[in-house]
Structure formats: C-alpha cells, structure tokens
Amino acid sequence: MSVGVETSGLRKRLKANEALSGVTLSFEPGVLNGVIGPDGAGKTTLLRVLIGLLAPTEGTVAYSVDGRPAGFDAIRPGMAYMPQQPSLYPDLSVREHLEFFADLYRLPAAVYRERSEELLRVTRLERFQDRRAGRLSGGMYKKLGLMCALLQSPSLMLLDEPTNGVDPISRREFWELLGRVTARKVTVIISTAYMEEADRCARVHLLEAGKVLASGAPAELKRERGIKGFAELFLRLGGAA
Amino acid sequence: MNRTLLAFLRKELMQTLRDPRMRVILFIMPVVQMTVFGLALSTEVRDIRLRVLREPGDSAMARLEERFYASGWFVPAAGGGETDSDATLYAPPGGFRRAMERGEGDVQLIVDAVNAAKARAIEAYANAILAGFLRSGLGPGEPPPAIDLDVRVLYNPAMESAVFMVPGVMSMILCLVTIVLTSMSFAREREGGTFETIVSAPLHDWEIILGKTLPYILLGLVDAALVITAGVLLFSVPLRGPLWILALSAFVFIITTVSVGTLISTIADSQQQAMLGGFLFLFPAILMSGIMFPVENMPPAIAWVAHLDPLMYFVRLLRNVLLKGGDPWVVGSNLAVLAAMACGAAALAFKRFRQTLN
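Quick summary incoming for the structure in this document. (Residues numbered from 1 in each chain as written. Chains lettered and ligands numbered in written order. Predicted model: local features only at pLDDT ≥ 70, side-chain atom pairs only at ≥ 80, totals over all residues. Heavy atoms only, no water.)

**Examining the overall build of chain A**
From N to C terminus, chain A includes 8 helices and 10 strands. For chain A, the C-alpha radius of gyration of 18 Å lies close to 18 Å, the compact-globule estimate for 241 residues. By its C-alpha atoms, chain A is 55 × 40 × 35 Å across when sized along the principal axes. Taken across its 241 residues, chain A has 54% of its residues classed as buried. Each charge sign in chain A was given a centre, from 33 positive and 28 negative side chains, and these centres are 1 Å apart. (Helix = DSSP H or I, 4+ residues; strand = E, 2+ residues; numbered from the N terminus. Rg over C-alpha atoms; globule rule 2.2 N^0.38 Å. Buried < 20%, exposed > 50% of the residue type's maximum accessible area, 1.4 Å probe, protein only. Lys, Arg positive; Asp, Glu negative; His and termini not counted. Charge placed at Lys NZ, Arg CZ, Asp CG, Glu CD.)

**Comments concerning helix α1 (residues 43–51) of chain A**
The element α1 of chain A is extensively covered by neighbouring structure, given that 8 of its 9 residues are classed as buried. Where α1 of chain A terminates, the next one or two residues include Gly52 of chain A, which has phi positive at roughly 90°.

**Remarks on the interface of chain B and chain A**
When the parts of a complex come together, some accessible area is lost, and that lost area is often taken as the interface size. Counting residues at the interface gives 26 residues for chain B, matched by 29 residues for chain A. Summing both partners gives a buried area of about 2,600 Å² for chain B against chain A, and 50% of it is carried by carbon and sulfur. Remark: the boundary between chain B and chain A carries 5 salt bridges. Between Asp103 of chain A and Arg3 of chain B there is a salt bridge, with its nearest N and O atoms 2.9 Å apart. Taken together, chain B and chain A are joined by 17 residue pairs in polar contact (both at pLDDT 80 or more). (Contact = heavy atoms within 4.5 Å. Buried area = accessible area lost by both parts, 1.4 Å probe. Salt bridge = Lys/Arg side-chain N within 4 Å of Asp/Glu carboxyl O. Polar contact = N/O pair within 3.5 Å; in protein donor to acceptor, adjacent residues only side chain to side chain.)

**Quick notes on the nonpolar core**
All names here are of chain A. Of all hydrophobic cores here, the largest spans 89 residues; its most connected members are Leu46 and Met157. Among the elements that make up this core, the one with the highest residue count is helix α5 (residues 138–150) (8 residues). Dropping the residues within four chain positions of it, Met157 is found in contact with Ala80, Leu146, Ala149, Leu150, Val181, Val186, Thr187, Val188 and Ile189. (Core = buried A, V, L, I, M, F, W, Y, C linked by side-chain atoms within 4.5 Å.)

**A closer look at empty space enclosed by the protein**
Applying the stated criterion across every chain yields a total of 1 cavity of 30 Å³ or more. Space inside the largest cavity adds up to approximately 100 Å³. For the largest cavity, the lining is made up of 16 residues, of which Tyr81, Phe101, Tyr105 and Ala149 of chain A together with Thr197 of chain B are closest to its centre. Listing elements by their share of the lining of the largest cavity, those giving two or more residues are β6 (79–82) and α5 of chain A together with α7 (194–200) of chain B. The biggest single contributor to the lining of the largest cavity is β6 of chain A, with 4 residues. Here the lining of the largest cavity is built from residues that sort into 11 nonpolar, 5 polar and no charged. (1 Å grid on protein atoms, 1.4 Å probe; cavity = no way out; pocket = protein on both sides within 12 Å on 5 of 7 lines; lining within 4 Å. Points joined across faces, edges and corners; volume = space filled by probe spheres on them. Nonpolar A, V, L, I, M, F, W, Y, C, P; charged D, E, K, R; others polar.)

**Points about unusual backbone geometry**
Residues and elements named next belong to chain A. One non-glycine residue with positive phi stands out, namely Ser153, at about 55°. Among the secondary structure elements, Ser153 is positioned in the loop between α5 and β7 (156–160). Owing to a relative accessible area of 37%, Ser153 belongs among the partly exposed residues under this scheme.

**A word on the packing of aromatic side chains**
Applying the stated rule across the entire model yields 13 aromatic pairs over all chains. With a centroid separation of 6.3 Å and an interplanar angle of 35°, the aromatic rings of Phe101 of chain A and Tyr105 of chain A are classed as tilted. Accessibility assignment for this pair places Phe101 of chain A and Tyr105 of chain A in one class, buried. With centroids separated by 4.1 Å and ring planes inclined at 0°, the aromatic side chains of Phe253 of chain B and Phe314 of chain B adopt a geometry described as stacked. Residue Phe253 of chain B is located in helix α9 (residues 243–267), and its partner Phe314 of chain B is located in helix α12 (residues 310–324); the two are separated by 61 residues in the primary sequence. Taken as a pair, Phe253 of chain B and Phe314 of chain B share a single burial class, namely buried. Members of the aromatic cluster, joined through ring pairs, are Tyr89, Phe100, Phe101 and Tyr105 of chain A together with Phe8 of chain B. Taking NZ or CZ as reference, Arg171 of chain A lies 3.9 Å from the ring centre of Tyr194 of chain A, over its face. Just above the ring of Phe164 of chain B sits the side chain of Arg319 of chain B; from NZ or CZ to the centre is 3.6 Å. (Phe/Tyr/Trp six-rings, centres within 6.5 Å; stacked < 30°, edge-to-face > 60°. Lys NZ or Arg CZ within 6 Å of the ring centre and 35° of its normal.)

Put into structure tokens, the structure is as follows:
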C-alpha cells in the first residue's frame, strides 16, 4: 500500500513562537520526500505534527492509502518515526533494541528473525549486535535507529535529520539504505539541513521560518530558479528578506 | 500477558538491574536504611543523668532513688553541678517519710527542657516511677494501698518504641524508593530522547504508562518483602495479621506511590526536576504521616492536609496489621482511601501524559 500525506494551512504555536505558519504541502506516495531548510525552519515541528505527537493549532493533515482517504488511526500502525535527537537506550545492545521494538510492534517470531537478520546484514551491524547503543559510533547509532523503525516494515516513514552529525561515509551508507526502502514503495518524509542531500529526494519542500518557500522535484526547482544548489536559494531569499 | 507490557517489563528490569548503583539503591539501601532508621528513630530516652538531693538518713527517698536507677532510664549524674544532669530530684524538707506522715510535701523534679521531647519523656518516666513507688508502700512490712491500679499494656507489652516506629520506617522507605524511581523513570526517557520514539510507536497510552510503571510495582513489592523481613528479624516487630492482608496492603500502597511518581514525572522535564519533585512530595508526606508526630496533635488545618497523604493511611494500616492483627474496619477503610488516591493520581498522570507533548 502507498500512503500519501497532505497538509492544509498548518499552524503550530509553541509558547511565544509560531513554528509553522500556514504550511500547505503534498507528500507524494511511495517516494522519498525531503523537507529542506535551515535550523529553526520548523522541520521538526512539521514532522511531529504529521506523526501525531503534536496537535496543530490550526489547519489539517489528511492521509490517503492508494489514493483513497484514510484516517490517522488506520495508517498509524504502519507509521515509523526516527527523532532527531538520540532516541535509543545507551545501556541496551543492538540485539536488545531489535527485540524490544519487535515486541512493541508485536511482530511474529519468524518475521522478526527474518527481518532482523536482513537488517543486520544490510547495515553491516551483524558483528556489533551485542554492543550497547551507547558505545556505537555516530553512523552505527543512526543505522540502529533506522533499523528499529524499519523492523515493522512501515508504509510511511518520518525521519528527522537522520544524518545530522554523521561522517560522510556513514551518510552515504545511510542514503543507500533509504534507497532500498523507497524501492519497496514506502513513503519517506525526511528532513535535513544538508542542502546537498535534497538532490537524493524525488520531491523536496523548502521550508523557512515556518513557511513553505517552494515545492517540486529538485532538478526542476533548480532549473526554474536558475540555481546550482538550494543553499544558494536560501541565501538569496535571506538576502532579499 | 500483553506483549507490549512484557517488552517494557523486560527492558525496564534489564536497565535497572544492569546498573550496579541501582542494584544498591534497590536492594541494599532499604535494608541499611531500615536498620539505621529503626535504631535511630526512637521515642525512648535512656541514660538520663539524674541528680538526687536528699538527707543522708532519708531511707524512703534512697529507695525511690534506687527505683529510678532500676528502671533502666536513669543513671546517676557524674558531677554534682546542675549542668552535669538532665534532671534533679529534690526530697521533701525533713525527709520523704515525715512528709507522708504529715500528709503534705512535694518531691520536686527539675528538668532540663532544652530538648522539649526529652523533657516530656523524663516527666512521664518520673511520674510512672513515683506512682509505682507509692503503690508498693514506703518500706518493708508496710502495707500497699487497698486499691491498686492494675495496668495491662496490650499489643506492645514491653512498650518498645521500635515496635511502634519500625512499621513507620518501613512505610517511609517503601514510599521513598518507589516515588523516586518512578518519577525518574519517565524523566530519563524524556531526557534521553527515547520518550518520543515510544510515544510515536503505534501503542495505546495506557500500554506505555502501565508498561513503564509495572516494573516499579514489582520492584517495590520485592523491597516491601525485604524491609518487612528486616523489621521482623532485626527489631522483633510482631507479625500478627494474615500475610495476605499485609501483601495486599503493600501492593495497594505501592500502586498509589507509583501513580504519584508517574504524575510527578509527567510534570518534570529532566531527571533533576523529577528528583526535586519527588523530594518536595516526600518531605511533607513523611512529616505529616504520623510516623514521628501524631496527626491528632497537629493544628486542624495541617491535620486536614495530612489526610491527603497516602503515607499516613499506610502507616496506620501497617501498624494495625502488624501489631493488632488487622482490624477489618481499619484495614478496609484505609485500603479504600489508598485505592481511591491511586486512581486519582493515575487519572491525572494519564491526562497529563499527552498534554506534556504539546
């Protein structure tokens, strides 16, 4: 199944600040959707609203499955979220994390065995399955977070700046892993502050100060605006402001 | 059992028991605290330094003095000065016997009341010794009074303060361990960033809350068994009530304190705040529980507040079950209040659980 997400006039006020100011977006089903923007653009707030952690102050979020409207409760079991900050237990091992999340998602034992073995092989963490999360390198840590999210074979994944603070080689491996996920028609919404990562997405949404600046395919957007990279666009808009 | 709850149970126990500091806090500290507090928290005053001023030939007064020392509470003051003693006993002018014959005269006791609690105890001991002395007659061959006061002390015949205090100390330790651990548990998830992962998983709120609290209810029950065993073995506290009532009381109380701990943790953003919140609850709860000071002696407004303290009900319950065998009305009414408090705190914690995210 292919999950689509559309937001309409989303506003979210967090204490004195308006983190989202009328965000209207359409996330394409079964592809990698990027939410690109500098720090403080509202990316994390947007993802938290989409996963249901925060209630919007105003506006709506509509979900669809294979083109037909679906309620949040219907798609929630197939949703996976990877927060920006460290979200694993430093005193539990890689294997213990997988077991814990498999139990949370109520995976049958055979399915768990098959998926965990595949994920450990693909992420090359097989040798480290007894190592505690607190002793993993930055890249391995992020891979483990992604593995926990992928364990339930989600149809909608929300990843909040997953490559933040990760070395270039681990980042490349991480994106390769995401490529495998989208090959299975999983809708992925990924936020990042690394502008060059936008090129890896099928569709990007540029966000700044809680507002959508532009949406579209990366190559198309660059051609339309006559820019080489998205950093240039943000700098130009920042200068104009 | 629900698989999610089992997953949480396994994870929490693994994390808690893997940490050597937590093992000490959970299994060693309660027994150490039980021993130390059990010995230290005593209303009994011993080795009271007594100075007696009497004429050398006053044999009745000398026998009264002997009675004071034989009681085990008083010892002769080493120096002769007022500052060397806690209390001074003055014989009536002309001697004790002559005063009795005259039908008038005072045995005066001057007490150092810098420590008011100690002074009150000295006064009570002295009255009891004097009453006993007068009842037994003034000397050999002299008849005791025709009507005697026959005092029988029930439930704690030796009137050992440990028998009264230790159940209070048990309650205090259980309250401390369960509140601190539970309040820290949620705060640790929030601080470590794992809270967001859990709440975004396709789980019901009740599964998360129950999953996070169930391990601490179990650990609290293990601690309850530990402190009660230590109290019975080390301080000879009688266990007169049925064991199942004791276990049920501990279970309901632990559910109440774990619910309060969870409520605190939904308010706190960090482990530091949770710890502070826990102690802000614990200090008044312990002071108003009746463990050390009777609630009946408190001003009405404070006594009213004390009735909101779950510890007060558990202390009453535990003392009643251990010492009196568990009166059905006392057990039932206190358990009902504790259960109501548990439901109230759990409902509030549940309500706040989602609010905190926004």
